[in-house]
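# Structural overview
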Amino acid sequence: MMMNLITLKKIKQMINIPFCKPYLTNNEISYISTVLDKKKLSGNGDFTKKCHHLFNEYYGFKNCLLTSSCTDALEMAAILIDIHPGDEVIMPSYTFVSTANAFILRGAKILFVDSRKDSPGMDEDKIEELITSKTKAIVPVHYAGISCDMDKIMLIAKKYGLFVIEDAAQSIDSYYIDKNGNKSPLGSFGDLAAFSFHETKNIISGEGGMLVINNEEFKDRAEIIWEKGTNRSAFFRGEVNKYGWVDLGSSFLPSEITAAFLYAQLEQINKIQKRRLDIWNLYYERLSYLSSKFSIQTSFVPHYSTNNGHIFYIVCNTLNERTDLIDYLKQKGILAVFHYLSLHKSDYFEKLHDTRSLVQSDRYSDCLLRLPLYNDLELTDVNLICSEIINYFESKI
Ligand SMILES: *Cc1c(COP(=O)(O)O)cnc(C)c1O
């Protein structure tokens, strides 16, 4: 009897699949050692420049600045487009708090848009009705690295003279495909775009981010805001003979230690992406059965987007069903997690929201479930997770 209990316990412990596990290339330590040897630890040194160079080479981001986080990059964007109290900004409700906070910190009024029925991204057809004479910017969030319909959004922005700030936190190495089949990287559309290298993203540096400056008008000022409001960078390039306080700013740049870590990751982006996509594709293949047999919505990639394997999700029918499935999987040693809670219903924002109900955003808040996805996840484990999920739904009929 005792023996049996122990064996049972052991079996239970054998399967232990976390939701996320940071991937290391093993070059991180050696590049950080290089930084330590050079005794140049603060920001905007060799590794920062090497990262900027790689982003230009890979994605044609001519002007980009590493930041301490995507949150920082979004805050820089809000300063750059000169958000003032009374300005209105349009963004999805189904997103991370930083998307909204960055603009609220500068006094903006946020108008939240509902999500699409076929995916958690913002419903592009519901943007135009929210535009007023006070609207200053649209902030599309490419949820799960799946592109918003950028032709539609850019057309609206052009028609009303609005800035576009892409929250590209999850969008590294993903592309929008236009009508003629041309691919452009996410983060190359907006006047500005913000990426994240938080440990839960595809390419990581612990905490980390990047601002991409596509509108040349913002290039010089972005660098000043990045360097605490000083023209220090221009001074070190020999463009001015002293440096001082010339504008608003903050300490947005990461240390060289962080940049060295990021560089190690960036060098292996193809390997990292391939593995994530292999896992994502296996989920998609195995779980297509759920959508055909049980009408369960799963991750969707529209024809105008590529996929970067950032998130694989399924959407349960009800909150109860999702809670039940999370518990079921937990008992099997599998950690699956929900995602955002509609920002328009948050404690902080509820009183500021107009009365519009955002049905799809609430549905994803209640029903979306993200499955484990990280580079070291074995395909046999992916198969096991899929079998358990299918078992769960089959046992309910
Ligand atoms: C992760 C994330 C952020 C925040 O990124 P940090 O680097 O942690 O500041 C912002 N927006 C979205 C959509 C995200 O997924």
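Position numbers for residues start from 1 in each chain and track the written sequence from start to end. Two thresholds apply to this predicted model, a pLDDT of at least 70 for residue-level local features and 80 or more for giving and counting side-chain atom pairs, whereas whole-chain, interface and lining totals are computed over all residues. Side-chain calculation: all heavy atoms of the structure are included, whereas hydrogens and water are not.

## Some details on the domain arrangement of the protein chain
Reported domain spans reflect what an automatic or database domain assignment gives. For the protein chain, the assigned domains are domain 1 (2–21 + 269–395) and domain 2 (28–266). A C-alpha centroid distance of 27 Å is found between domain 1 and domain 2. Each partner contributes residues to the interface: domain 1 has 39 residues there, and domain 2 has 45 residues. Carbon and sulfur atoms supply 57% of the area that domain 1 and domain 2 bury against each other, a total of about 3600 Å² over both sides. Accessible area that two parts lose when put together, evaluated with a 1.4 Å probe and summed over both, is termed the buried area. Contact with domain 2 buries area across many residues of domain 1, yet Ile269, Tyr304 and Tyr340 alone supply 23% of it, more than any other trio. A carboxyl oxygen of Asp or Glu within 4 Å of a side-chain nitrogen of Lys or Arg is what we treat as a salt bridge. Our count for the domain 1 to domain 2 interface comes out at 0 salt bridges. Helix and strand assignments come from DSSP, with helices taken as H or I runs of at least 4 residues and strands as E runs of at least 2, each series counted from the N terminus. Sorting the residues of the side of domain 1 that touches domain 2 by element identifies α10 (269–294), α12 (359–367) and β12 (368–370) as the ones contributing at least two each. For the side of domain 1 that touches domain 2, the element with the most residues is α12, which contributes 6 residues. When checking whether two residues touch, look at their non-hydrogen atoms; a contact exists if any pair is within 4.5 Å.

## Brief notes about helix α6 (residues 150–160)
Listing the buried residues of α6 in full gives Met150, Ile153, Ile156 and Ala157. Down the axis, α6 shows its buried residues gathered within 130 degrees of arc, on one side only. For α6, exposure combined with an orientation more than 90 degrees from the buried face picks out Leu155, Lys158 and Lys159. Considering only its buried residues, α6 is in contact with β4 (135–138), β5 (163–167) and β6 (175–177). Only protein chains enter the accessibility calculation, which uses a 1.4 Å probe; a residue whose area is less than 20% of its type maximum is buried, one above 50% is exposed, and one in between is partly exposed. Taken from the helix axis, the directions to the C-beta atoms give the arc we talk about.

## Here's the deal with the packing of aromatic side chains
Here is the rule: rings of Phe, Tyr and Trp (six-membered ring for Trp) pair when centre to centre is within 6.5 Å. Planes less than 30 degrees apart are stacked, more than 60 are edge-to-face, and the remainder are tilted. Under the criterion given, the structure shown has 27 aromatic pairs. Measuring from centroid to centroid gives 5.7 Å for Tyr59 and Phe61, while their planes differ by 35 degrees, and the two rings are tilted. Phe61 sits in the buried class, given a relative accessible area of 1%. Among the aromatic residues, those joined into a cluster by ring pairs are Tyr94, Phe96, Tyr143, Tyr313, Tyr340 and Tyr364. Over the aromatic face of Tyr175 sits the side chain of Lys183, whose NZ or CZ is 5.1 Å from the ring centroid. Here the guanidinium or amino end of Arg363 rests over the ring plane of Tyr364, the centre of that ring lying 4.7 Å away. Consider the ring centre and the ring normal. A charge sits over the ring if Lys NZ or Arg CZ is within 6 Å of that centre and within 35 degrees of that normal.

## Description of unusual backbone geometry
Unusually for a residue other than glycine, Asp173 sits at a positive phi of about 65 degrees. Mapped onto the elements, Asp173 comes out in the loop between β5 and β6. With a relative accessible area of 21%, Asp173 lands in the partly exposed category. Residues other than glycine seldom take positive phi values, yet Lys228 does so here, at roughly 65 degrees. Structurally, Lys228 is set in the loop between α7 (219–226) and α8 (232–236). Accessibility expressed as a relative area gives 44% for Lys228, which makes it partly exposed.

## With respect to the pairing of strand β2 (residues 88–92)
Regular strands place their side chains on alternate faces of the sheet. The buried fraction of β2 amounts to 5 of the 5 residues, a majority that puts the element mostly inside the structure. The side-chain alternation of β2 yields two buried faces, one formed by Glu88, Ile90 and Pro92 and the other by Val89 and Met91. A pair of strands is labelled paired if DSSP reports no fewer than 2 bridges between them. Two strands pair when backbone bridges link them, and β2 and strand β3 (residues 109–113) are joined in this way by 5 bridges, in the parallel orientation. Each residue of the ladder has a partner; that of Pro92, found in β3, is Val113. We call a crossover right-handed when, viewed with the strands running away from us, the connection from the first strand over the helix to the second turns clockwise. Crossover connection from β2 via helix α5 (residues 97–104) to parallel β3: handedness right-handed. Summarising the sheet, β2 and β4 pair through 3 bridges and their orientation is parallel. Counted as the bridge partner of Ile90 is Ile138 from β4.

## A word on helix α2 (residues 28–38)
The set of residues buried in α2 consists of Glu28, Tyr31, Ile32 and Val35. Seen along its axis, α2 keeps its buried residues to an arc of 100 degrees; they face one direction. Exposed positions of α2 whose direction lies more than 90 degrees from the buried face are Ile29 and Asp37. If you follow the buried residues of α2, they end up packed against α3 (46–59) and α9 (256–267). Backbone geometry just after α2 places Lys39 at a positive phi near 55 degrees.

## Description of the environment of Val97
Note on placement: Val97 falls in helix α5. Taking the C-alpha atoms as reference points, Val97 and Leu343, separated by 246 residues in sequence, lie 7.1 Å from one another.

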